[in-house]
Amino acid sequence: MADQSYNAAWRMAEEMKARARAAQPSRQPGALKMLGAWMVFGLLLMLGSVLALFFVLLGWAMMPLVRHRMKKHANQQGRTWQGQTAPNGNHATLEGEYEIRRDPHAQHH
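What is the right way to read the UniProt feature "transmembrane region" (unreviewed entry) in the protein chain from this model?
When the UniProt feature table is mapped onto this chain, "transmembrane region" (unreviewed entry) is found at residues 35-62. Note that residues 35-62 is 100% helix and 0% strand, and that its end C-alpha atoms are spaced 41 Å apart.

Any chance you could explain the pattern of salt bridges here in plain terms?
Under the counting rule described, the total for this entry stands at one salt bridge. Linking K17 and E14 is a salt bridge whose minimum nitrogen-to-oxygen distance equals 3.5 Å. Here the residue K17 and the residue E14 both occupy positions in helix α1 (residues 8-23), the gap between them amounting to three residues, near one helical turn. Judged by its relative accessible area of 42%, K17 is partly exposed.

Any chance you could explain a nonpolar patch on the surface here in plain terms?
A cluster of nonpolar side chains, namely V40, L44, L47, L51, F54, F55, L58, M62, L65, V66 and M70, defines an oily patch on the protein surface of about 1,100 Å² accessible area. Mapped onto the secondary structure, L44 falls in helix α2 (residues 31-76). A relative accessible area of 56% places L44 in the exposed class.

Rules behind the numbers
- Residue numbers run consecutively from 1 along every chain, following the written order of its sequence.
- The predicted origin of the model limits local features to residues at a pLDDT of at least 70 and limits the giving and counting of side-chain atom pairs to 80 or more, whereas totals for whole chains, interfaces and linings rest on all residues.
- As a rule here, side-chain values cover all heavy atoms of the structure and leave hydrogens and water aside.
- UniProt positions are given in the numbering used here, feature names are shortened, and annotations may be inferred rather than shown by experiment.
- For helices the rule is a DSSP run of H or I covering at least 4 residues; for strands it is a run of E covering at least 2, with both sets numbered from the N terminus onward.
- A pair is scored as a salt bridge if a Lys or Arg side-chain nitrogen falls within 4 Å of a carboxyl oxygen belonging to Asp or Glu.
- Three labels apply to residues, based on accessible area from a 1.4 Å probe with only protein chains included: buried if under 20% of the type maximum, exposed if over 50%, partly exposed otherwise in between.
- Put simply, a patch holds well-exposed residues, over 30% relative accessible area, that have no salt bridge, with like charges counted together within 9 Å and Val, Leu, Ile, Met, Phe, Trp or Tyr side chains within 5 Å.
- Note on areas: Shrake-Rupley with a 1.4 Å probe; residue coverage comes only from the protein chains shown.

Spelled out as structure tokens, the structure:
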């Protein structure tokens, strides 16, 4: 087999391996560091859960306010909350009722 010391790519790979070995920490993190990391992780997890619960409760609390505003807007547009036209309207369309109108000038095949 040919001597690899003349191969530039081989030398570069060996240098990178040596730098990687030197950059690795020589010992495992201490028990105190691990405990601290787990405490921070647990604290962030609890904080996220509390924030999520807060926003869910806030959303539930705001539902009646949003419903009231939607009712008010529907009444201003002349519709009742159920989607039907108010009695003063000139037509009453029930939900789901529709009619297909064909264009009399369209060519049928």
